[in-house]
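Structural features, examined
Below are the chains, spelled out letter by letter.
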Amino acid sequence: MDVYIESPLNKAHRFERKAEDFEKCCRFEEAIECHKNAKECLLEAKKCASSLGGKQSIDAQINFHENQEKILANRQAAFQHKIDIYKNKQKEQMIAKEEKRSSMNFGNSLQIENEGKNVAGETEIEKAIYRAIEEHDSLVQFLIHREDQTIEKDAKNLNTSSYKSGNKLSKDDKTVIEELRTNNEQNL
């Protein structure tokens, strides 16, 4: 039988996993709160740590959670801003359609309200927002988590057998940043 130890460090890691799950669902406030809780647990664990290496490791984790709070706050603001912009555009389009239909003496406002919505009640614009955010996030995550490979290594791989075997070369920062720029231009 496994014995589960409820240590501050275990709690911190559990909060971190919960924060990641909330972040995937675009529930930024809950994710920020989990990172705060993880940071508090790590501060408690730091008091119990006896070795210098352990304290330094915990400090690094605390810094990570502080940075994640800031990143998530920025993502939340950007996400909300995009939603507001798209909702305003949608309202303007709806008003324009309604004015056009009323000028043509069509009074079917129910059809206007339901236009552009799917079975779940999401509009096409909201779907586009979620899709764009997922694309941006995947490209940003690639930049954050990619291995430290340099252009020299990629050039070296070109001249080796891996190039001849058909292995795909990894994207460099310049390519990923250009993709992000292109996605931003398309979505605005």
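Here the structure is a predicted model, which means the values were calculated and not measured. Each chain carries its own residue numbering, running from 1 in the direction its sequence is written. Under the rules for a predicted model, residues below a pLDDT of 70 receive no local features and side-chain atom pairs below 80 are neither given nor counted, while totals for whole chains, interfaces and linings still include all residues. Values reported for side chains reflect all heavy atoms of the structure, with hydrogen atoms and water molecules removed beforehand.

1. A closer look at the overall build of the protein
Quick reminder of the rule: Numbering of helices and strands runs from the N terminus, with a helix taken as a DSSP run of H or I at least four residues long and a strand as a DSSP run of E at least two residues long. Exposure categories follow from relative accessible area, calculated using a 1.4 Å probe and restricted to protein chains: below 20% of the type maximum is buried, above 50% is exposed, and the middle band is partly exposed. A contact between two residues is defined here by any heavy atoms of the two lying within 4.5 Å. Here, Shrake-Rupley sampling with a 1.4 Å probe gives the accessible areas, and only protein chains in the shown set may cover a residue.
In terms of helices and strands, the protein carries eight helices and zero strands. The helix and strand sequence of the protein, counted from the amino end, reads α-α-α-α-α-α-α-α. Residues classed as buried in the protein amount to 21% of the 188 residues present. Taking as baseline every contact in the protein between residues at least 6 positions apart, the subset at least 24 positions apart corresponds to 61%. Accessible surface for the protein amounts to roughly 13800 Å². Of this, 52% is attributable to carbon and sulfur atoms.

2. Overview of the side chain of Arg75
Inclusion rule: Contacts described as polar in this section are N or O atom pairs within 3.5 Å, which, within protein, must combine one atom able to donate a hydrogen with one able to accept it, while residues neighboring in sequence count only if both atoms come from side chains.
Examined against the element boundaries, Arg75 turns out to sit in helix α3 (residues 52-103). Using a relative accessible area of 19% as the deciding quantity, one classes Arg75 as buried. In this structure the side chain of Arg75 is engaged in a polar contact, spanning 2.5 Å, whose partner is the side chain of Glu23. Arg75 has contacts with Glu23, Phe28, Ile133 and Asp137, leaving out every residue within four places of it along the chain.

3. What to know about the layout of surface pockets
Heads up, the rule is: Of the two site types, the cavity is a set of points on a 1 Å grid over the protein atoms alone where a 1.4 Å probe fits but cannot get out, and the pocket is an open set with protein on both sides within 12 Å along at least five of seven lines, each lined by residues with an atom within 4 Å of a point. Grid points are joined across faces, edges and corners, and a volume is the space filled by probe spheres set on the points. Under the scheme applied here, ten amino acids are nonpolar (Ala, Val, Leu, Ile, Met, Phe, Trp, Tyr, Cys and Pro), four are charged (Asp, Glu, Lys and Arg), and all others, including Gly, are polar.
There is about 200 Å³ of room inside the second largest pocket. If you go around the second largest pocket, you meet twelve residues; those closest to its centre are Arg75, Ala78, Lys82, His136 and Asp137. Elements with a contribution of two residues or more to the lining of the second largest pocket: α3, α5 (124-145) and α8 (173-187). Counting residues per element, the lining of the second largest pocket draws most heavily on α5, which supplies five residues. In terms of residue class, the lining of the second largest pocket is built from seven nonpolar, two polar and three charged.

4. Side note on the pattern of salt bridges
We apply this condition: When a carboxyl oxygen of Asp or Glu is within 4 Å of a side-chain nitrogen of Lys or Arg, the pair counts as a salt bridge.
Considering all chains together, one arrives at five salt bridges under this definition. Put simply, Glu6 and Arg14 hold a salt bridge, and the shortest N to O gap is 2.7 Å. Here Lys39 ties to Glu69 by a salt bridge, and the two come within 3.6 Å at their closest N and O atoms. Here the residue Lys39 occupies a position in helix α2 (residues 28-48), and Glu69 occupies one in helix α3, the gap between them amounting to 30 residues. By the burial criterion, Lys39 is buried, and Glu69 matches it.

5. Looking at unusual backbone geometry
At Cys26, a residue that is not glycine, the phi angle is positive and equals roughly 60°. Tracing the backbone shows Cys26 in the loop between α1 (8-24) and α2.

6. So, α2
This is how it is decided: Expected span, for any helix, means 1.5 Å times one less than how many residues it has.
Spanning 21 residues, α2 covers 31 Å between terminal C-alpha atoms, matching the ideal 30 Å at 1.5 Å per step. Every buried residue belonging to α2 is among Phe28, Ala31, Ile32, Cys34, His35, Asn37, Ala38, Lys39, Cys41, Leu42 and Ala45, and all of these are buried.

7. Re the nonpolar core
As a rule of thumb, nonpolar side chains are buried together in soluble globular proteins. Rule in force here: The term nonpolar core refers to a set of buried residues drawn from Ala, Val, Leu, Ile, Met, Phe, Trp, Tyr and Cys, joined through side-chain atoms within 4.5 Å.
Counting residues in each nonpolar core, the largest one holds twelve residues, listed as Ala19, Phe22, Phe28, Ala31, Ile32, Cys34, Leu72, Phe79, Ile83, Tyr86, Ile129 and Ile133. Where this core is concerned, the elements lending two or more residues are α1, α2, α3 and α5. The next biggest cluster of nonpolar side chains, apart from the first, holds eight residues, and it includes Leu42, Ala49, Ile58 and Ile62.

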